[in-house]
Amino acid sequence: MNKNTIYNQIKKNIHKLDPSYEYYSILIPIIEINDILYLLFEIRSNNLRRQPGEISFPGGKKESGESFKETAIRETTEELNISRKKIEIIGSLSPISTHYNDLIYPFVGFLHNITIKNVNFNRSEVNNLFIIPISFFIENPPLKYYIETQPNPSKDFPYYLLPTGKNYKFLKGNYPVYFYKYKNYVIWGLTARIVKNFMDILEN
């Protein structure tokens, strides 16, 4: 091994996704009605395996060969049954990692020429749609709580390789959980966290 080999290998290295994570993209959809801007939310179908009946944005798992932006667009078209031409992606937010090894890439975009009434959404994935004015989220900060995360080493964990063995002080973490309450809707968890990140950007 020499310096030239290291230079060459690093320069031509293609960044690959860590296989220990699951990768997802979502779209924060904005629609305009009578000069008022709204966020559009989905209520997930009760038949879904993951998070049935919960409130979310359109989105899903990244497929091989597509970009994160393409994933957000594809999932939105599939769930809302709308044309790609009606989706205008304007940018992205920082990705969010979860304590259960998901990495989510949020995008922000406008949905043009649609209303709630004329969206024939995919009922196998979506139970219903609703909208909330963006101004509501700016004027009403979310409730904030924490879930403590701590390591739980496997039974065969090699403590003997650590400086202090089984007495090693692993770090704990606090995972933020946000809640927005609007009429009869409760937006919480990852969706609320993405909304808050979006509002932080708008306010700054």
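Residues numbered from 1 in each chain as written. Predicted model: local features only at pLDDT ≥ 70, side-chain atom pairs only at ≥ 80, totals over all residues. Heavy atoms only, no water.

1. Things to note about the overall build of the protein
Stated formally: The secondary structure listing takes helices from DSSP runs of H or I that are at least 4 residues long and strands from runs of E that are at least 2 residues long, numbered from the N terminus. Buried means the residue's accessible area, taken with a 1.4 Å probe over protein chains only, is under 20% of the maximum for its type, while exposed means over 50%, and partly exposed covers the values in between. Working rule for contacts: check all heavy atoms of both residues, and any pair within 4.5 Å makes them a contact. For every accessible area listed, the method is Shrake-Rupley and the probe measures 1.4 Å; residues are considered covered only by the protein chains on display. Working convention for charge: Lys and Arg count positive, Asp and Glu count negative, and His plus the chain ends are omitted. We put the charge of a Lys on NZ, of an Arg on CZ, of an Asp on CG and of a Glu on CD.
Tallying secondary structure elements over the protein gives 4 helices and 11 strands in all. Overall, the protein is about 65 × 45 × 40 Å in size when its C-alpha atoms are taken along their principal axes. Looking at the protein residue by residue over its 204 residues, the buried ones come to 38%. Long-range contacts, defined as pairs at least 24 residues apart, comprise 64% of the intrachain contacts of the protein with a sequence gap of at least 6. When the accessible surface of the protein is totalled, it reaches about 13400 Å², and 49% of it is carbon and sulfur. Of the side-chain charges in the protein, 25 are positive and 20 negative, and the distance between the mean point of each set is 6 Å.

2. Focus: empty space enclosed by the protein
The condition that has to hold: Put simply, the grid is 1 Å and covers the protein atoms alone, a cavity is a trapped set of points that fit a 1.4 Å probe, a pocket is an open set with protein on both sides within 12 Å along at least five of seven lines, and lining residues have an atom within 4 Å of a point. Grid points are joined across faces, edges and corners, and a volume is the space filled by probe spheres set on the points. Lys, Arg, Asp and Glu make up the charged group, whereas Ala, Val, Leu, Ile, Met, Phe, Trp, Tyr, Cys and Pro make up the nonpolar group; the residues left over, Gly among them, are polar.
A complete count under the given rule lists 1 cavity of 30 Å³ or more for this structure. Lining the largest cavity are Glu42, Arg44, Leu48, Ser56, Phe57, Gly59, Glu79, Glu125 and Val126. Here the lining of the largest cavity is composed, by residue class, of 3 nonpolar, 2 polar and 4 charged.

3. Digging into the sheet that holds strand 10 (residues 173-182)
The test is simple: DSSP-based pairing: two strands are paired if at least 2 bridges between them are found. Note on geometry: axes are C-alpha line fits, over the in-contact stretch for helices, and angles between N-to-C directions span 0 to 180 degrees.
Judged by pairing direction, the sheet is antiparallel, and its 3 strands sit side by side in the order 9-10-11 without closing on themselves. Of all the strands in the sheet, just strand 9 (143-149) and strand 11 (185-188) have a single pairing partner and so form its edges. Across the sheet, the axes of successive neighbouring strands diverge by a mean angle of 25 degrees, strand direction being ignored. Examined bridge by bridge, strand 10 and strand 11 share 4 bridges and lie antiparallel to one another.

4. Describing the layout of surface pockets
When its volume is computed, the largest pocket comes out at roughly 700 Å³. Taken together, 29 residues make up the lining of the largest pocket; nearest its centre are Arg44, Arg50, Gln51, Tyr100 and Leu190. Of all elements in the fold, only strand 1 (22-33), strand 3 (55-56), strand 4 (59-61), helix 2 (68-80), strand 7 (102-111), strand 10 and helix 4 (189-203) reach the threshold of two or more residues within the lining of the largest pocket. Tallying contributions element by element places helix 4 first for the lining of the largest pocket, with 4 residues.

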